[in-house]
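# Chains, contacts and geometry: an overview
Listed below are the residues making up each chain.
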Amino acid sequence: MNRAVSRRMLAAWLREVGVDYIHVPGRRGAPPASAPGGAAHGRPTPSVGSETLEDIREELARCRGCPLCSGRSTIVFGVGNPRARLMFVGEGPGAEEDRRGEPFVGAAGKRLDQWIARIGLRREDVYIANIVKCRPPENRVPFPDEAKACLPYLMRQIQAIRPEILCTLGATALNFLLGAEERITRARGRWRELGGIPVLPTYHPAFILRNAAREPEVFADFESISRRLSGPPNG
Ligand code: URA
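I will try to describe carefully the structure that is included in this document. (Residues numbered from 1 in each chain as written. Predicted model: local features only at pLDDT ≥ 70, side-chain atom pairs only at ≥ 80, totals over all residues. Heavy atoms only, no water.)

## Overview of the pattern of salt bridges
In total, this model carries 16 salt bridges according to the counting rule given. Close ionic contact of Glu 102 with Arg 123 constitutes a salt bridge, the shortest N to O distance being 3.0 Å. Pair noted here: Glu 102 is in the loop between helix H3 (95-100) and helix H4 (107-118) and Arg 123 is in the loop between H4 and strand E3 (127-130), with a separation of 21 residues, a long-range link. Given a relative accessible area of 16%, Arg 123 falls into the buried group. The salt bridge partner of Arg 214 is Glu 217, with a shortest N-O separation of 3.2 Å. By relative accessible area, which is 31% here, Arg 214 ends up partly exposed. Taken together, the shared-partner salt bridges connect Arg 188, Arg 214, Glu 217 and Asp 221 into one network. (Salt bridge = Lys/Arg side-chain N within 4 Å of Asp/Glu carboxyl O. Helix = DSSP H or I, 4+ residues; strand = E, 2+ residues; numbered from the N terminus. Buried < 20%, exposed > 50% of the residue type's maximum accessible area, 1.4 Å probe, protein only.)

Laid out in structure tokens, this is it:
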């Protein structure tokens with residue numbers, strides 16, 4: 001499988017969602033939207049100008065890019081293995097996540113951990129992030145402007161990690177990440193692609209906590225991910 005992230009495709013996607021510049025430390029000027037990195041996952045030499053998750057985290061800590069920043073206790077950046085083969089994208093932090101600064105630590109997070117364990121992985125093997133890094137009030141769905149302001153950070157996280165597979169959790173993650181407008185009940189389980197990375201949408205664990213009858217569909221999605229993942233968790 002070609003695990004390289006295509007810069008061209010990512011750049012095209014970024015332009016499509018309205019992002020025309022992302023900051024890459026060490027580069028001068030404001031080039032057109034392009035994604036750093038480009039080497040295959042696990043593969044030894046990051047290209048010049050590629051950034052680490054810590055670079056991105058540092059910059060995000062100062063972010064005042066949308067109104068959500070005024071309500072946050074802390075940024076919920078993301079957690080897990082910086083060389084993960086599998087990366088999950090959720091919607092946005094809830095109250096518990098906002099307090100602890102880590103995504104998916106409440107009841108939904110426990111359910112996600114169980115799904116990860118079903119395919120023989122641990123939370124530490126994968127990477128988990130959200131569309132928005134600051135908690136939306138009352139746990140509402142992020143507004144499009146908020147998601148748009150935060151998406152470049154997520155794209156940079158994806159570039160820094162270069163996962164082999166992305167899994168979106170719920171309709172919000174699917175639709176903001178892929179620029180789609182789809183019902184999750186129709187979209188789940190059908191492979192997509194983002195910049196050369198296979199993407200599998202599945203249900204959000206919070207939805208499954210309320211709709212247990214749907215969980216076998218998630219199990220099938222995780223089986224599908226497992227079949228497609230190659231090699232040991234850390235590459
Ligand atoms: N739901 C999400 O989408 N993300 C979290 O981090 C927690 C709950």
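## Quick notes on the site of the ligand
Lining the immediate environment of the ligand, one finds Gly 90, Glu 91, Gly 92, Glu 97, Pro 103, Phe 104, Asn 130 and His 204. Here Gly 92 contributes a backbone N or O atom positioned 3.1 Å from a nitrogen atom of the ligand. A distance of 3.0 Å is found between an oxygen atom of the ligand and a backbone nitrogen or oxygen belonging to Phe 104. Partitioned by chemical class, the residues of the shell around the ligand number two nonpolar, four polar and two charged. (Near = heavy atom within 4 Å. Polar contact = N/O pair within 3.5 Å; in protein donor to acceptor, adjacent residues only side chain to side chain. Nonpolar A, V, L, I, M, F, W, Y, C, P; charged D, E, K, R; others polar.)

## Description of the nonpolar core
In terms of nonpolar packing, the biggest core is built from 56 residues, with Leu 86, Phe 88, Ile 131 and Leu 177 touching the most fellow members. The leading source of residues in this core is helix H5 (residues 144-161), at eight residues. Apart from the residues lying within four places of it in its own chain, the contact partners of Ile 131 are Val 89, Gly 90, Glu 91, Ala 147, Cys 150, Leu 151, Leu 154, Thr 172, Ala 173, Phe 176 and Leu 177. (Core = buried A, V, L, I, M, F, W, Y, C linked by side-chain atoms within 4.5 Å. Contact = heavy atoms within 4.5 Å.)

## Observations concerning the sheet that holds strand E1 (residues 79-80)
Spatial ordering of the open sheet is given by E1-E3-E2-E4-E6-E5, a layout of six strands whose pairing is mixed. What marks the edges here is a single partner per strand, and that holds for E1 and strand E5 (192-194). Alignment of E5 against strand E6 (residues 197-202), held across three bridges, turns out to be antiparallel. From the neighbouring strand, Leu 194 faces E6, where its bridge partner is Ile 197. (Pairing = 2+ DSSP bridges.)

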